[in-house]
Every structure is written in C-alpha cells, then in structure tokens.
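Geometric and topological summary
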Amino acid sequence: MSEYLFLVPLLPFIGFLINGLLLGRLPRPVVSFIACASVGLSFVIALLLFFDLKAMPADMRLIEQTLFTWIPAGSFHANIAYMLDPLSAVMILVVSGVGFVIHIYSVGYMHHDPCFGRYFTYMNLFTFAMLTLVLADNFLLMFVGWEGVGLCSYLLIGFWYEKKSAADAGKKAFIVNRIGDFGFLIGMFIIFWQIGSLDFQTVMAEAPHVFIAGGGLITAVCLLLFMGATGKSAQIPLFVWLPDAMEGPTPVSALIHAATMVTAGVYMIVRTNVLYMMAPDAMLVVAIIGVATAFFAATIGLAQNDIKRVLAYSTVSQLGYMFLACGVGAFTAGIFHLMTHAFFKALLFLGAGSVIHGMSNEQDMRYMGGLKKYMPITFWTMLIATLAISGIPGFSGFFSKDEILWKSFSSQFGHPVFWVLGVITAGLTAFYMFRLINMTFFGKGRMDDKTRKHLHEAPRSMTVPLIVLAVLSVVGGYVGLPHVFFGATNYFEHWMAPVLSGGQAASHALASGGGDTGTELGLMAASVLLVLIAIYFAYLLYNKSPERATSLREKLSGMHKMIVNKYYVDEIYGATIVRPLVYFSLFLWKVVDVVVIDGFINGLAGAYSDVSGYLRTSQTGRVRSYATVFVVGVVIVTAYFLFG
Amino acid sequence: MLSIPAYIIVALVLFCIGTIGVLITRNIIILFMSIELMLNAANLVLIAFSRALNLMDGHAFVFLVLTVAAAEAAVGLAMVITLYRNRETINIDRFNILKW
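Residues numbered from 1 in each chain as written. Chains lettered and ligands numbered in written order. Predicted model: local features only at pLDDT ≥ 70, side-chain atom pairs only at ≥ 80, totals over all residues. Heavy atoms only, no water.

Bringing the overall build of chain A into the picture now. Check the secondary structure of chain A and you find 27 helices and two strands. If you line up chain A on its principal axes, its C-alpha atoms span 125 × 65 × 55 Å. Taken across its 644 residues, chain A has 55% of its residues classed as buried. Here the contacts in chain A between residues at least 6 apart in sequence split such that 80% fall between residues at least 24 apart. Summed over its atoms, the accessible surface of chain A is roughly 26700 Å², and 70% of this surface lies on carbon and sulfur atoms. Taking the average location of the 38 positive side-chain charges in chain A and that of its 34 negative ones, the two points are 12 Å from each other. (Helix = DSSP H or I, 4+ residues; strand = E, 2+ residues; numbered from the N terminus. Buried < 20%, exposed > 50% of the residue type's maximum accessible area, 1.4 Å probe, protein only. Contact = heavy atoms within 4.5 Å. Areas by Shrake-Rupley, 256 points an atom, 1.4 Å probe, with all protein chains shown as cover. Lys, Arg positive; Asp, Glu negative; His and termini not counted. Charge placed at Lys NZ, Arg CZ, Asp CG, Glu CD.)

Quick look at the structure:
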C-alpha cells in the first residue's frame with residue numbers, strides 16, 4: 001500500500017487539471033463528481049495508509065517515497081519526496097476527510113454560482129497543496145505547499161472579485177502572509193547554512209549536534225519559523241487578514257480559514273519540535289503570543305455582529321490555544337486540538353453557511369433570530385459544535401482544550417498565568433458562541449418579510465455534511481481521553497509519541513507531568529464552571545432579556561466601542577506601516593522615478609534634440625553653399641598636406 | 001617646347017575659373033560647363049607631365065576622364081531637361097527642398 005502514498009496529493013491535482021483545463025466545457029454534475037471523487041479517493045487511500053501505519057511497530061511507523069530529484073545543485077539536493085509518519089497521517093486524514101465533506105457541501109452551497117467550475121478547480125488545487133504541505137519530507141517541498149495554499153487562499157477569498165472588498169481582502173491576506181513567509185525563508189536559509197540539508201529527518205538528527213541548545217542561532221531559527229507560522233495561522237501581530245478573509249464563499253472559510261490551512265503553522269512547529277525543544281526562549285515567545293492571541297481575539301469576538309466574523313475571531317482565538325500548547329511543549333495536545341477544532345469549526349462555518357444560504361445572503365445576526373424552527377438540522381448540528389468549542393464535558397473540544405489548559409499549568413514550560421488566561425478565554429469563547437446561537441436561532445425573527453418567506457432548511461447535500469461533522473465533533477475527542485478519567489488510555493498521545501521522540505527527555509517529563517490528579521480534576525471543574533456561568537450570561541443577555549444587553553452596552557460604551565472597532569489594530573497598522581509605505585512609494589514614484597530617473601533620460605534626449613536643432617539649420621538644401629563648404633574643405637586639407 | 005610650370009599655371013587658372021564658376025552661377029548649364037573646365041584643367045596637367053616624362057599613363061587617364069565627362073554630360077543634361085519640365089526653371093537655388 002505504501003507505494004501509493006503519492007496518490008494522496010496527486011488525485012486532487014488530477015481533479016484540478018481536468019476541471020481547470022476543461023473549464024466551462026463540462027456540465028456541472030461532472031465537475032462536482034470529479035472534484036468530490038478525487039478528494040474522496042484520496043481520503044480512502046489516506047485511511048488505508050493509516051491502517052498500514054498502525055500495523056507497524058510503534059517506533060518504525062514511517063513510510064517514505066521519493067518520486068524524483070527536483071533540484072540537484074552541487075551539494076544541495078531537493079527531492080520531490082513524501083513522508084508519512086503518525087503526525088502527517090493525522091493531518092492527511094483531517095485534510096482529505098474534512099475536505100471531502102466540505103466539497104460535498106459546496107456542491108449544494110455553490111449551486112447558484114455562475115463560476116461553479118472555477119470554484120472546484122481552486123478547491124482541488126488547494127487540497128493538493130495542503131496535502132503536499134503535510135506530506136513533504138523536506139522544508140523546501142513543504143514551502144511549496146505552504147505557498148500553494150497561500151495562493152489558493154488568495155484566489156478563493158477573492159473568488160467574487162467583482163466585489164471590491166473581496167478583491168481587497170484577498171490582497172490583504174496575500175501581502176500579510178508574505179511578511180511571515182519572509183521569516184520562514186530566512187529560518188530555512190539558516191538551517192541549510194548550518195546543517196547543509198533541508199531534509200526533515202537529517203535536520204532533526206543533526207540539529208542537536210550542530211546547534212547549541214538555548215543558543216542565539218537556534219532561537220533565531222525558531223523565532224523566524226514562528227514568524228512564518230504567525231502569518232499563516234493568523235497570530236498576533238499578523239492576524240489581521242483572517243477576519244477579512246470571510247469575504248470568500250463560506251465553505252472556503254470552513255476548509256481553508258478554519259480547518260486546514262490556518263493550522264499549517266501549528267503543524268510546522270510540531271514537525272520541527274526538536275528545534276523548538278532546544279530553544280526554550282522561543283518556546284516562551286510562542287506560548288505568550290499564543291495565549292495573548294487567544295485572549296485578545298476572543299474579546300473581539302464578543303461584539304461582532306457578522307456571523308462569519310464571530311467565527312473568524314473564534315478561529316484566531318482557538319489557533320492561539322494550539323500555539324499555547326506548542327509553546328508549553330504539549331505538541332500532542334496542540335495537534336489534538338487542531339483535529340477536534342477542524343471538526344467543530346468546519347461544522348460551525350458550514351452551519352453559518354447554511355444559515356446565510358437560508359437567509360438570502362444576510363450575514364448580520366441582528367437581522368436573524370428564531371431560525372430554530374425553520375432549519376432544525378442546522379440548529380442541532382451547530383449547537384453540538386458550539387457545545388464542543390465551549391468545552392462542555394463529553395464533547396470533543398472539552399478533551400482537547402482541557403489537555404492544553406492542564407499542560408499550560410503543569411508542564412515545565414507552563415505557568416499558572418497561562419492557565420488563568422486560557423480559562424478566561426474559554427469563558428469568553430462560551431459566551432460569544434452562545435451569543436451567536438441565541439441571536440441566530442432563538443428569540444423572534446428580526447428579518448424582513450421577503451427573507452422570512454424564503455427561509456428554508458438547506459438541501460440534503462448540505463445537511464449530510466453537517467451531520468457527519470457533528471458526529472465527529474462529539475466522538476473525535478474520545479481518542480484522547482485524559483489519564484485522570486479512570487486511568488483511560490490516551491490513544492492519541494501514544495500514536496503521536498514517535499514523532500516527538502526527538503525531544504524525548506522533555507516529552508518524558510511532560511508525560512509524567514507535574515501536579516497530581518486532584519489538581520487536574522480541580523482545574524477542570526473550575527474551567528467547566530466558568531464556561532457554564534458564561535453560557536448562562538449569554539442566555540440572559542441575548543435571549544431572556546435583551547434590554548439588559550443594551551443597558552450593559554451603554555454602561556460600558558467606551559470598552560464596547562473599542563472592541564467593536566477591533567482595538568483599532570487595522571487603523572494602527574494603517575497609520576504606522578501602510579501609510580508610511582504608501583508615502584514612501586509616492587516619494588519613489590513622484591520624486592525618484594519621475595524627477596530623477598525620467599528627468600535624466602528625458603534631459604539627455606532633450607539636450608541632443610536641442611543641439612541637433614541648431615546644427616540642422618546648416619543643411620540649407622542649396623547646392624552652391626554645399627559646394628562652397630566643399631571647396632573650403634579641400635583647400636584646408638590641401639594646405640595642411642602642403643604646409644602642415 | 002614650353003616648360004612644365006607654364007602648363008601648370010594655365011591649368012591652375014582654368015581650374016580656378018571653373019571653381020568660381022561652380023560657386024557663383026545659378027544656371028545649371030553653366031555649372032556643368034564650369035565642371036568641364038575643371039576636369040580639362042586636370043587633363044592638361046596630366047598630358048603635360050605625360051609628355052615631359054615620356055610615359056603613356058597620363059594619356060590613358062585623360063581618355064578615362066573624357067569618357068566619364070561625356071557620360072556625365074549626357075546624364076546631367078537629361079536631368080536638366082527633366083528638372084525644367086517639372087519646375088520650368090533651371091535656377092539651381094530653386095532646387096532646395098532637400099533640407100531640414
């Protein structure tokens with residue numbers, strides 16, 4: 001089976017080629033069949049490979065496949081080579097699995113769109129790039145996937161490019177990501193400079209001998225790689241593009257901006273965990289940025305009225321949790337949360353898509369309400385996802401989030417402050433998610449009559465994916481039960497262990513973990529209690545007595561204004577970075593280009609033209625004057641030879 | 001027999017008359033005639049030296065010059081006629097369109 005590894009990314013690429021080359025020539029059912037089938041088949045192969053991998057002994061779980069040498073240049077070799085280990089196995093299952101479900105959903109959602117074929121072409125290309133990213137066996141090929149998903153993200157955010165805001169959002173995403181990619185590239189250069197290879201296994205094996213643990217160089221490498229991650233995974237300070245990315249079609253937000261692409265940064269850090277384990281300072285930065293982003297984005301999410309923007313800030317916040325996990329050395333917990341988040345956040349976005357579909361493209365929650373009776377399936381599945389993201393015991397989000405919180409408290413890299421901020425964020429998360437549920441599905445409808453008449457449950461192709469993801473959102477957590485629950489086995493941790501063997505000493509310290517069972521259960525109970533209180537407040541303010549929400553808003557108007565305006569981050573960036581850059585570019589254009597460069601060139605040409613203007617008057621056209629000059633010339637030359 | 005300087009002086013005078021004629025006349029016919037004068041001044045010098053040095057090279061050159069002059073006169077006069085047909089003048093100063 002292992003020789004078919006290359007088919008996992010290749011199949012979506014074939015789908016991309018067929019749909020892309022025959023764009024506009026294939027009927028819609030064929031387009032959607034090719035798009036869905038290619039991703040579906042790739043999922044099936046991924047699943048078979050997963051079982052293959054599972055059958056191997058734990059420390060030998062590795063399938064490699066080198067297709068060909070891509071760049072042979074002196075001592076440098078870059079191969080097109082794929083590598084399947086427990087980490088990438090989890091990733092390809094999530095990418096192709098959730099991707100497949102979202103493709104199916106898209107068939108229903110994009111039904112009315114005139115650019116149906118183009119949409120699926122981009123989606124297949126995205127799936128290919130994402131699978132390449134997670135299967136690559138060297139930094140360079142990973143970077144190809146990294147940029148590929150960035151490109152597809154740009155194309156899909158700006159899918160409705162006739163709308164200026166969508167085109168702008170696409171550009172913003174692309175440019176902000178460039179900043180992060182710059183860091184990623186420099187980090188890669190340093191690795192190659194020091195180790196002489198970009199191959200993951202070589203780098204991970206050599207790094208402890210080449211770099212000094214805790215030294216400046218390894219810290220720089222980790223921070224530069226993390227800079228790339230902050231761009232792709234929308235962390236402070238580069239998170240600004242993700243909320244704007246909601247201009248794209250909703251299934252795109254679900255696939256790219258919730259479940260897969262934005263988690264690439266987390267994947268990359270876990271993939272290079274050996275390096276991070278050697279740089280505790282970088283780990284601290286990752287953890288601080290992670291928890292700060294989680295908290296910060298959650299507060300912005302409290303006051304957004306656009307249903308997709310709430311989810312966007314929620315995604316930023318949840319990604320912050322994953323980075324917090326990586327920063328405290330709990331890489332397994334980070335990937336575990338990545339997986340459960342992929343399920344419930346994709347479900348939330350698809351649910352939101354279903355609501356928007358039913359509401360005739362209305363996204364403002366202030367005009368929704370009471371949708372529960374119109375779209376029951378959407379309501380129940382979204383409720384499940386909301387319970388999962390809020391961390392209600394029994395749902396997947398509880399297990400993953402709680403593991404992160406516990407590790408942020410107990411790990412040797414952890415700190416109680418991380419835990420406190422994490423728990424407060426969990427409370428905020430529960431609040432804004434239940435605010436969303438209450439504003440959307442409960443109370444009385446605030447939409448106009450035309451929309452109300454049109455309200456309908458989504459078609460089958462959209463509800464079935466919702467149900468599938470809802471099931472996953474519940475059961476997804478049971479692969480990683482915490483030890484404290486009656487000594488349950490954490491299958492997920494066992495599965496991931498070989499990947500983390502590089503930083504073995506540290507991961508052992510984590511597994512045994514500081515703190516005792518009583519503390520763990522106590523902290524768990526505290527966070528659940530806070531979540532329940534938050535849910536009650538959300539119910540009180542947005543369902544039972546909305547007038548209290550209004551009065552509260554007035555009481556805290558200063559803070560409310562700040563949150564609604566997203567702490568003016570976009571404005572601050574605009575004033576400190578964008579506008580100076582624009583002025584500098586204007587200076588380069590109006591002064592350096594127009595005055596200096598054009599001035600020199602045009603001046604030179606002008607001077608020639610002026611001089612020749614004077615000279616040409618000597619060309620009188622009169623034969624006698626030419627003859628005179630001629631004779632004078634002859635006389636002078638002759639005189640020169642005779643007397644000179 | 002006359003000495004070489006005498007021939008050269010005559011030839012020089014003829015050449016200068018021809019040159020001045022080319023420079024000051026406006027009539028194309030006279031211009032042609034002046035050019036013939038200059039050519040023949042050169043011929044005179046060639047013949048004089050040829051005789052004095054007893055070499056036949058000078059004679060050969062003179063015949064070549066005469067042939068060229070005849071051909072030139074034929075083509076030149078044909079052009080003059082064409083010019084006159086078009087502009088009804090043979091004043092050389094009127095043919096000055098080839099300028100800036």
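That covers the picture; the talk isn't over yet.
The subject of this paragraph is the overall build of chain B. When you go through chain B residue by residue, the secondary structure sums to three helices and zero strands. Against the compact-globule benchmark of 13 Å for 100 residues, chain B has a radius of gyration of 17 Å, which places it well outside the compact range. Projecting the C-alpha coordinates of chain B onto the three principal axes gives extents of approximately 50 × 25 × 25 Å. Put simply, chain B has 100 residues, and 25% of those count as buried. A fraction of 56% describes how many contacts in chain B between residues 6 or more apart in sequence connect residues 24 or more apart. For chain B, the accessible surface area stands at approximately 6900 Å², while carbon and sulfur atoms represent 75% of it. (Rg over C-alpha atoms; globule rule 2.2 N^0.38 Å.)

We now examine the packing of helix α4 (residues 116–135) of chain A against helix α10 (residues 250–259) of chain A. Residue and element names in this part refer to chain A. With their axes 12 Å apart at the nearest point, α4 and α10 run at an angle of 5 degrees to one another. With respect to α10, the axis of α4 lies roughly parallel. The segment α4 lies against α10, with Tyr 119, Met 123 and Phe 126 engaging Pro 251, Val 252, Leu 255 and Ile 256. Its residues assigned to classes, the contact of α4 with α10 shows seven nonpolar, no polar and no charged. (Axes fitted to C-alpha atoms, helices over the stretch in contact; angles between N-to-C directions. Parallel < 35°, antiparallel > 145°, perpendicular 65-115°, else oblique. Nonpolar A, V, L, I, M, F, W, Y, C, P; charged D, E, K, R; others polar.)

Attention now moves to the packing of aromatic side chains. All names here are of chain A. This structure, assessed with the given rule, holds 30 aromatic pairs over all chains. A ring pair is formed by Phe 226 and Phe 323, whose centres lie 5.5 Å apart and whose planes are at 70 degrees; its orientation type is edge-to-face. Residue Phe 226 is found in helix α8 (residues 216–232), and its partner Phe 323 is found in helix α14 (residues 307–327); the two are separated by 97 residues along the sequence. Given a relative accessible area of 4%, Phe 226 falls into the buried group. Residue classification places Phe 323 among the buried residues on the basis of a relative accessible area of 0%. (Phe/Tyr/Trp six-rings, centres within 6.5 Å; stacked < 30°, edge-to-face > 60°.)

The subject of this paragraph is empty space enclosed by the protein. It is the rolling of a water-molecule-sized probe over the atoms that shows where space remains empty. All names here are of chain A. Scanning the model with the defined rule gives three cavities of 30 Å³ or more in all. For the largest cavity, the calculated volume is near 60 Å³. Forming the boundary of the largest cavity are Ser 390, Gly 391, Phe 398, Lys 401, Asp 402, Leu 405, Ala 426, Ser 527, Val 528 and Val 531. Ranked by the residues each element gives to the lining of the largest cavity, the list is headed by helix α17 (residues 396–410), at four residues. In terms of residue class, the lining of the largest cavity is made up of five nonpolar, three polar and two charged. If you add up the space inside the second largest cavity, you get close to 50 Å³. Breaking the lining of the second largest cavity down by element, the ones donating at least two residues are α9 (241–244), α14 and α26 (569–616). Residues of the lining of the second largest cavity, tallied by class, amount to five nonpolar, no polar and four charged. (1 Å grid on protein atoms, 1.4 Å probe; cavity = no way out; pocket = protein on both sides within 12 Å on 5 of 7 lines; lining within 4 Å. Points joined across faces, edges and corners; volume = space filled by probe spheres on them.)

Residues and elements named next belong to chain A. Enumeration according to the criterion identifies 15 salt bridges over all chains in this entry. The shortest N-O distance in the salt bridge between Lys 163 and Glu 247 comes to 3.3 Å. Here Lys 163, found in the loop between α5 (139–157) and α6 (164–195), pairs with Glu 247, found in the loop between α9 and α10; they are 84 residues apart in sequence, far enough to count as distant. Judged by relative accessible area, which is 42%, Lys 163 ranks as partly exposed. The salt bridge involving Asp 244 is made with Lys 172; its shortest N-O contact spans 2.9 Å. Taken together, the residues Asp 244 in helix α9 and Lys 172 in helix α6 connect sequence positions 72 residues apart. Judged by relative accessible area, which is 17%, Asp 244 ranks as buried. On the basis of relative accessible area, Lys 172 is assigned to the partly exposed category, the value being 22%. (Salt bridge = Lys/Arg side-chain N within 4 Å of Asp/Glu carboxyl O.)

Residues and elements named next belong to chain A. For Ser 106, the location among the structural elements is in helix α3 (residues 86–109). A distance of 2.8 Å separates the side chain of Ser 106 from the backbone oxygen of Ile 102, its partner in a polar contact. Discounting chain neighbours no more than four positions away, the residues touching Ser 106 are His 111, Tyr 119, Phe 120, Met 123 and Pro 251. (Polar contact = N/O pair within 3.5 Å; in protein donor to acceptor, adjacent residues only side chain to side chain.)

Taken together, the 12 residues of chain A in the interface contact 13 residues of chain B. Roughly 1000 Å² is buried in total at the junction of chain A and chain B, and carbon and sulfur atoms are behind 60% of that figure. For the chain A face of the interface with chain B, the top three residues by lost area are Gly 621, Val 623 and Arg 624 of chain A, together amounting to 47%. Taking the shortest distance from any N to any O, the salt bridge between Arg 624 of chain A and Asp 93 of chain B comes out at 2.6 Å. Here the element with the most residues in the side of chain A that touches chain B is helix α27 (residues 623–643) of chain A; it accounts for six residues. Across the side of chain A that touches chain B, the residue classes break down as four nonpolar, five polar and three charged. (Buried area = accessible area lost by both parts, 1.4 Å probe.)

Residues and elements named next belong to chain A. Here α10 crosses helix α15 (residues 331–358) at 160 degrees, and the two axes come no closer than 8 Å. Between α10 and α15, the interaxial angle falls into the category roughly antiparallel. Every pair of crossing elements has a handedness; the one defined by α10 and α15 is right-handed. Touching Thr 250, Pro 251, Ser 253, Ala 254, His 257, Ala 258 and Ala 259 of α10 are His 341, Ala 342, Lys 345, Ala 346, Phe 349, Leu 350, Ala 352, Gly 353 and Ile 356, all from α15. Residues belonging to the contact of α10 with α15 are distributed by class as follows: 10 nonpolar, five polar and one charged. (Left-handed = near helix turned anticlockwise from the far one by under 90°.)

The linkage connecting Ile 236 of chain A with the following residue, Pro 237 of chain A, adopts the cis geometry, with an omega of 5 degrees. The phi angle at Lys 566 of chain A is positive, at roughly 55 degrees, despite the residue not being glycine. With a relative accessible area of 23%, Lys 566 of chain A lands in the partly exposed category. In this model, Glu 88 of chain B sits at a positive phi of 55 degrees, which is unusual for a non-glycine residue. Here Glu 88 of chain B shows up in the segment after α3 (57–87). On the accessibility criterion, Glu 88 of chain B (64% relative accessible area) is exposed.

All names here are of chain A. Of all nine residues making up strand β2 (residues 76–84), seven are buried, and the element is well covered by its neighbours. Pairing geometry for strand β1 (residues 63–73) and β2, over nine bridges, is antiparallel. Looking at β2, one finds that Ile 71 is bridged to Ala 78. Hairpin geometry of β1 and β2 is characterised by an intervening segment of two residues between the two adjacent antiparallel strands and by a positive phi of about 60 degrees at Gly 74. (Pairing = 2+ DSSP bridges.)

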